[in-house]
Amino acid sequence: VVLDPADDATRFDLVLRMQQALSPILIVEWPDVAAGQVISREYPLDLPVGASATTGLCDACDFVLDVDGDGDGTPEQRVHPRRTLWRPVDFNPRESVLFYLPPEQIIVGMLLALLGAVLPTAIYAGGVTWLDRHEKEPPHLLRAAFLWGALPGAVVAVVARFFVAGPLAPVITESLKFAAIAFIFTRYRREFDNILDGIVYGALAGIGYSMTINLLTYATGFLFGGFELLGTSVLLNGIAFGLNEAYYGAAIGIGFGVSRWAKDRRLRIAAPFIALAAAIGLHLFNDYWRDLAVGDRSGLVIIPILATWAGIVAVVAIAVLSLRRDQEIIRAHLKAELDLRTLTPNEFFYLSTPRNRSRFLLQAARRGPAELARALQMRETITQLAYRRRELGLLGRDAATDAVAASLRQRVARLRPKPRPRENR
């Protein structure tokens, strides 16, 4: 291949002389700086030794090959590109801020990147755990779900982004969340009571993943784009799409929640995998539209934003319905415990509805931290007792003779405050 510069410095002549048999495909790439892209043209060639092909290279050239098959210097045919591809390229990449910002501003930028990743995470995680108001999940399981997403889940996902084809990356990401929820579901089955529990565990795994990925994105964006790119990245990834991964994880968790009490064996097995497929599909849909929303098509970003927040609203609605259904279950089973004298009428009144539970905790808080802690344990224990009764009912077993239920009743008795002796006047 010979590049002969023409009189115009922006034009070159490409001359291909066949000295030996080569691949019958010729690919010519030419940069279009004004459009910010590289144009790749593919030509079908089958030339004998001694033949040559020539074309001009410039922004206004037609890129048609003049083919001289017999080597006499006169072209016998013209070959047009069989396929043309365009690839966006940044011809003026930003230099790292390390080369021009003072050290104190670099430190501030990195701290802002850390804050931008951690602060929304704390807000989102707090909102998710607040949803589960009837029976708080064990803190060690909540931490495990979050840390799984934040550490091994995020590391594997980052590696997948670099070494795995694009569509497979969401498959790997959502499968990792699936694995975390499946572990809790099988290993700590008694702590997985309903759909809401699945939403909580799945969302926390997604929030942990988002925190790590966003921190890496913000730090990289600041180092190569300064404060402007950092702010844009936080606005887009931390707020507009801040709950994406939590949303996908919650969708998987819903599948496990459905499986928990499904009477049909086929549904118990299939529900988690159907939910996993749905989460992968939602992830792929979102990534597709975000990839399209570049350059003059940036307005398309509204499609994945609206789709994501519509899904989040749907998940919250499912969580609220689950809360109401569980409240009915709790009230019904506590009524049975009232008949067994596990609870007093006053305790049943305060612990059987969300509003009265809040009043119960408020009254305990006024009597001091120790009373508040006791009241919280009381609320947690009677909720566990109600869920245990539901499980026994589905299994066709008698709740009055169950050892676990009996242990919970004994704990309720221990947590009941001793009556205060009356003062003599």
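Parameters and conventions
- Residues numbered from 1 in each chain as written.
- Predicted model: local features only at pLDDT ≥ 70, side-chain atom pairs only at ≥ 80, totals over all residues.
- Heavy atoms only, no water.
- Helix = DSSP H or I, 4+ residues; strand = E, 2+ residues; numbered from the N terminus.
- Rg over C-alpha atoms; globule rule 2.2 N^0.38 Å.
- Buried < 20%, exposed > 50% of the residue type's maximum accessible area, 1.4 Å probe, protein only.
- Areas by Shrake-Rupley, 256 points an atom, 1.4 Å probe, with all protein chains shown as cover.
- Lys, Arg positive; Asp, Glu negative; His and termini not counted.
- Charge placed at Lys NZ, Arg CZ, Asp CG, Glu CD.
- Salt bridge = Lys/Arg side-chain N within 4 Å of Asp/Glu carboxyl O.
- Contact = heavy atoms within 4.5 Å.
- Pairing = 2+ DSSP bridges.
- Axes fitted to C-alpha atoms, helices over the stretch in contact; angles between N-to-C directions.
- Disulfide = S-S within 2.5 Å.
- Phe/Tyr/Trp six-rings, centres within 6.5 Å; stacked < 30°, edge-to-face > 60°.
- Lys NZ or Arg CZ within 6 Å of the ring centre and 35° of its normal.
- Expected span 1.5 Å × (residues − 1).
- Arc of directions from axis to C-beta.
- Patch = residues over 30% accessible without salt bridge, like charges linked within 9 Å, V, L, I, M, F, W, Y side chains within 5 Å.

**Topic: the overall build of the chain**
Scanning the chain for helices and strands turns up 11 helices and eight strands. Rg of the C-alpha trace for the chain: 32 Å, well past the compact-globule value of 22 Å for 425 residues, more than 25% over. Scored against the burial criterion, the 425 residues of the chain give a buried share of 44%. Counting only carbon and sulfur atoms, one obtains 63% of the accessible surface of the chain, whose full area is about 23700 Å². Averaging the locations of the 47 positively and 42 negatively charged side chains of the chain gives two centres separated by 24 Å.

**What about the side chain of Arg-41?**
In this fold, Arg-41 is placed in strand S4 (residues 37-44). Despite its burial, Arg-41 remains without a salt bridge, the nearest opposite charge being carried by Asp-32 at 7.5 Å. Setting aside residues up to four positions removed in sequence, Arg-41 forms contacts with Leu-26, Ile-27, Val-28, Trp-30, Phe-63, Pro-81, Arg-83 and Thr-84.

**Examining the sheet that holds S4**
With antiparallel pairing, three strands are arranged side by side in an open sheet as S3-S4-S8. Strand pairing shows two members of the sheet lacking a second neighbour, strand S3 (25-32) and strand S8 (83-88), which therefore form its edges. Going from strand to strand, the sheet's axes swing by 20° on average, the running direction of each strand aside. Pairing of S4 with S8 involves six bridges; the strand directions are antiparallel. Across the sheet, residue Ser-40 finds its bridge partner in S8, namely Leu-85.

**Topic: the pairing of strand S5 (residues 52-57)**
The element S5 is extensively covered by neighbouring structure, given that five of its six residues are classed as buried. Pairing between strand S2 (residues 12-17) and S5: six bridges, direction antiparallel. What sits directly across from Leu-14, in S5, is Thr-55. Across three bridges, the pairing between S5 and strand S6 (residues 65-68) is antiparallel. Bridged to Thr-54 within S6 is Asp-66.

**Points about the pattern of salt bridges**
When their charged atoms lie close together, side chains carrying opposite charge are able to pair. If you walk through the whole model with that rule in mind, you get 16 salt bridges. Among the ionic pairs, Glu-42 bridges to Arg-83, the shortest N-O distance being 3.1 Å. Remark: Arg-83 occurs in strand S8 and Glu-42 occurs in strand S4; sequence separation between them is 41 residues. On the basis of relative accessible area, Glu-42 is assigned to the buried category, the value being 14%. A salt bridge links Arg-266 to Asp-264; the shortest N-O distance between them is 3.4 Å. Here Arg-266 falls in the exposed class, since its relative accessible area comes to 65%. Judged by relative accessible area, Asp-264 falls into the partly exposed class, the value being 35%.

**Considering the state of the cysteines**
By definition, a disulfide links two cysteine residues through a covalent bond between their sulfur atoms. According to the stated counting rule, one finds one disulfide in the structure shown. Here Cys-58 pairs with Cys-61 through a disulfide, and the sulfurs are 2.0 Å apart. Taking the sign of the torsion about the S-S bond as the criterion, the disulfide between Cys-58 and Cys-61, at about 110°, is right-handed. Take Cys-58 and Cys-61: they sit in the same class, and that class is buried.

**What about the packing of aromatic side chains?**
If you walk through the whole model with that rule in mind, you get 13 aromatic pairs. On the basis of an interplanar angle of 35° and a centroid distance of 5.7 Å, the ring pair of Phe-192 and Tyr-201 is categorised as tilted. Residues Phe-192 and Tyr-201 agree in their burial class; the two are buried. Through a chain of ring-to-ring contacts, the aromatic side chains of Phe-178, Phe-185, Phe-192, Tyr-201, Phe-256 and Phe-273 assemble into a single cluster. A cation over a ring is seen here: Arg-41 above Phe-63, with NZ or CZ 3.7 Å from the ring centre. For the cation-ring pair, Arg-290 lies above Phe-241, with the distance from its terminal atom to the ring centre recorded as 4.1 Å.

**A few points about helix H9 (residues 354-366)**
Working note: α-helix, 3.6 residues per turn, so residues spaced by three or four point in the same direction. Its 13 residues give H9 an end-to-end C-alpha distance of 19 Å, which sits within 8% of 18 Å, the value for a rise of 1.5 Å per residue. Buried within H9 we find Asn-356, Arg-357, Phe-360, Leu-361 and Ala-364. The arc that holds every buried residue of H9, seen down its axis, measures 140°, which confines them to one face. For H9, the exposed residues lying more than 90 degrees away from the buried face are Arg-355 and Arg-366. At the C-terminal side of H9, Gly-368 shows a positive phi close to 120°.

**Considerations on a nonpolar patch on the surface**
A cluster of nonpolar residues, Val-108, Leu-112, Leu-115, Leu-119, Ile-123 and Phe-227, forms a patch on the protein surface that exposes about 530 Å² of accessible area. Counting residues per element, the nonpolar patch draws most heavily on helix H1 (residues 103-131), which supplies five residues. Residue placement: Leu-112 occurs in helix H1.

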